[in-house]
Amino acid sequence: MRDITLGQYFPADSVIHRLDPRVKILSLIAYIVLVFCTFHFTSLAFIAATVLTIILMTKVPLKMYLKSLKVIIIIVIITSILNLFYGTGEPIFQWGIIKITYDGIRNAVFVCVRIICLILLSSVLTFTTSPTDMTDALERLMKPLTVFHVKVHEIAMMMTIALRFVPTLLEETDKIMAAQKARGADMESGDLFARIKALVPVLVPLFVSAFRRAYELATAMECRCYRGGEGRTRMKQLHLTKRDFISIVFTAFVIAGVVLLNIFGHVLIPSFV
Amino acid sequence: MNYISVQNVTFQYDEQNQDAKPVLDQISLEVKKGEFVAVLGHNGSGKSTVAKHLNAMLIPTSGKVLIDGMDTADEKLTFDIRRKVGLVLQNPDNQLVASIVEEDVAFGPENLGIPSDEIRERVDEALKAVDMYDHRKNAPHKLSGGQKQRVAIAGIIAMRPDCIVLDEPTAMLDPKGRQEVLDTILKLNRENGITIVMITHYMEEAVLADRVFVLDNGRMLTQGKPDEVFSQVELLKKHRLDVPQATELCHKLRSWGVAIKKLPLSEEACVSLLKEVLG
Ligand SMILES: Nc1ncnc2c1ncn2[C@@H]1O[C@H](COP(=O)(O)OP(=O)(O)O)[C@@H](O)[C@H]1O
Ligand SMILES: [Mg+2]
């Protein structure tokens, strides 16, 4: 049986892990906006340093972060190269039609650092927040949307049930595959089309079973007095603690830092525009 | 007074087709508060259908089901009936909602709108009652079948019901899991005074009950104390129902002329009886 955990939650005992998930989600949004509001090298360097500090605080091995970067490294390289060659202004290097301008270098560096920061920040959230905490926090944060008839409770319930049943269904897939292999099904050879065809005898029983499970689960939920979100209370309550307020203040300082550096950065380091 | 009272219930899944043989045919049964009763029968004899009548998941086509005096046909009472009579189903995998044990147990009380502090209390208490407190932070899919079924039972206990109906709770479990679940059910009945209706097709489990109801093809074949029911070996055999091995052995011996008055239900009783008669 494979031991799958949905998402990439990495349990560890760090300050970031213990932050209120709502604070983490909102801070993530703030930092993402901030990353795109860096207009000077100094503020860009400042936000990069902040991201690095946060990463170190999570106590998640750096290897994990590198792994999450690996997926998008191609995108980073391609966008940086495109930016590098499409700069306007005086070329500092020219070879045929290829010219590199100061502007191009600047854009390439900015895009590169911004994307990397973006991925790292989202990884911080997914590494340090368990899927259940995430669902809980999203349900609570989206609560105001019920005014616009968004089915917040139902969405959260679907996420909860999905989290609960994905491992069960994966396990079942393994069993069905083993059963079909025992009957002589060949899943590993042949061209793409043959392989897709080989999946049919796996998917059909899997779907049948999933529907049966859904039907039984619905019965069980009704037996346990489920009537939708109305009148429902929750055992787990999220409370903001001192830790959360400190992190909010920290974020406020980072925002102030970025704004100041955007304005006065060129005073500190005049050679950069 | 009877806590559960099923009066002449006839039930048909397909109400249009009046000619079809009903799934339940004139079923009556009564359960007192604090009792432990077992419902026996073949596959397809209507056991699950009976179970679903006890918490208003199904409403009789004709006849009446009263739970603590409340008629299940009254839609306004459905919610109150379900919080008093909890139903545990056969497959533990398909009853657990959340991916953390304690959050799953909290699901019922959350639906009842109970304040969070009290839910916490109830969840801890329920998990301790089924001896799963140490697993409260685990994921259900990492538990054994017996453990999962105990979590499902805890999820019901946390709603503080008067009665728990269990529909073949041990059918999908290995012998160890079966024993765990059985011990838990017995403990809840004896120590917490919860009324238990256990549906099963294991004779050894039915023997533990105060009273046994035997269903056959949607009809009530016989009912009574376990020794009364299982002494009707001929009747049960005629309907292809088993009796406990010890009972069957002594029944055979009796038919061969061994002087046995009262048929034993368990192996121990059988051994001591045989020692007495033969020794
Ligand atoms: N949802 C349903 N719709 C139609 N017929 C059903 C349904 N559930 C059960 N039945 C039929 O009712 C009969 C009794 O089923 P059930 O109560 O599940 O028996 P048991 O639990 O004793 O095996 C069976 O013949 C079955 O085919
Ligand atoms: Mg059944």
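**Student:** An account of the overall build of chain B is needed here, citing residue identities and associated values.
**Tutor:** Check the secondary structure of chain B and you find 11 helices and 10 strands. Taking 2.2 N^0.38 as the reference for a compact globule, 279 residues should give roughly 19 Å; the C-alpha atoms of chain B span a radius of gyration of 20 Å, in line with that estimate. Looking at chain B as a whole, 57% of its 279 residues qualify as buried. Here the analysis covers contacts within chain B between residues at least 6 apart in sequence; of these, 63% occur between residues at least 24 apart. Summed over all atoms, the accessible surface of chain B reaches about 12300 Å², with 48% contributed by carbon and sulfur. Computed over 34 positive and 42 negative side-chain charges, the inter-centroid distance for chain B is 3 Å.

**Student:** Tell me about unusual backbone geometry, and please be specific about residues and values.
**Tutor:** Unlike most non-glycine residues, Cys 225 of chain A shows phi in positive territory, near 70 degrees. Relative to the helices and strands, Cys 225 of chain A resides in the loop between helix 9 (192-223) and helix 10 (242-268). For Cys 225 of chain A, a relative accessible area of 2% translates into the label buried. For Gln 26 of chain B, which is not glycine, the phi dihedral falls at a positive 55 degrees. Within the secondary structure, Gln 26 of chain B sits in strand 2 (residues 24-32).

**Student:** So what about the packing of aromatic side chains? Which residues, and what values?
**Tutor:** Within this structure, the stated rule accounts for 4 aromatic pairs over all chains. A cation over an aromatic ring shows up here: Arg 227 of chain A above the ring of Phe 79 of chain B, its NZ or CZ 3.5 Å from the ring centre. In this structure, Arg 136 of chain B packs its charged tip against the face of Tyr 133 of chain B, placed 4.1 Å from the ring centre.

**Student:** Which residues make up the domain arrangement of chain A, and what values do they have?
**Tutor:** Residues and elements named next belong to chain A. Examined at the domain level, chain A breaks down into domain 1 (1-129 + 240-273) and domain 2 (134-236). Computed from C-alpha atoms alone, the centre-to-centre distance between domain 1 and domain 2 is 34 Å. Taking both sides of the interface into account, the surface hidden between domain 1 and domain 2 amounts to around 1000 Å²; carbon and sulfur atoms contribute 82%. Inspection of the domain 1/domain 2 interface yields 0 salt bridges.

**Student:** I'd like a description of the site of ligand 1, backed by residues and values.
**Tutor:** All names here are of chain B. Neighbouring residues of ligand 1: Tyr 13, Val 23, His 42, Asn 43, Gly 44, Ser 45, Gly 46, Lys 47, Ser 48 and Thr 49. Within the contact set of ligand 1, an oxygen atom lies 3.1 Å away from a backbone nitrogen or oxygen of Gly 46. Ser 48 places a polar side-chain atom, nitrogen or oxygen, 2.6 Å from an oxygen atom of ligand 1. With the chains in place, 56% of the 560 Å² that ligand 1 exposes on its own is no longer accessible. Of the residues that constitute the shell around ligand 1, the class distribution is 2 nonpolar, 7 polar and 1 charged.

**Student:** A description of the sheet that holds strand 10 (residues 219-224) of chain B should follow, citing residues and the corresponding values.
**Tutor:** Residues and elements named next belong to chain B. Here we have 6 strands laid out as an open sheet, ordered 6-7-8-3-9-10, and mixed in their pairing. In the strand order of this sheet, the two ends are held by strand 6 (85-88) and strand 10, each with one partner. If you compare each strand with its neighbour and ignore which way they point, the axes differ by 15 degrees on average. Both strand 7 (residues 163-167) and strand 8 (residues 195-200) contribute to a ladder of 5 bridges, which runs parallel. Within strand 8, the residue paired with Asp 167 across the bridge is Ile 199. Where helix 5 (residues 145-157) meets the sheet, its contacts fall on strand 6 and strand 7, and the angle it forms with strand 6 comes to roughly 165 degrees.

Parameters and conventions
- Residues numbered from 1 in each chain as written.
- Chains lettered and ligands numbered in written order.
- Predicted model: local features only at pLDDT ≥ 70, side-chain atom pairs only at ≥ 80, totals over all residues.
- Heavy atoms only, no water.
- Helix = DSSP H or I, 4+ residues; strand = E, 2+ residues; numbered from the N terminus.
- Rg over C-alpha atoms; globule rule 2.2 N^0.38 Å.
- Buried < 20%, exposed > 50% of the residue type's maximum accessible area, 1.4 Å probe, protein only.
- Contact = heavy atoms within 4.5 Å.
- Areas by Shrake-Rupley, 256 points an atom, 1.4 Å probe, with all protein chains shown as cover.
- Lys, Arg positive; Asp, Glu negative; His and termini not counted.
- Charge placed at Lys NZ, Arg CZ, Asp CG, Glu CD.
- Phe/Tyr/Trp six-rings, centres within 6.5 Å; stacked < 30°, edge-to-face > 60°.
- Lys NZ or Arg CZ within 6 Å of the ring centre and 35° of its normal.
- Domains from an automatic or database assignment.
- Buried area = accessible area lost by both parts, 1.4 Å probe.
- Salt bridge = Lys/Arg side-chain N within 4 Å of Asp/Glu carboxyl O.
- Near = heavy atom within 4 Å.
- Polar contact = N/O pair within 3.5 Å; in protein donor to acceptor, adjacent residues only side chain to side chain.
- Nonpolar A, V, L, I, M, F, W, Y, C, P; charged D, E, K, R; others polar.
- Pairing = 2+ DSSP bridges.
- Axes fitted to C-alpha atoms, helices over the stretch in contact; angles between N-to-C directions.

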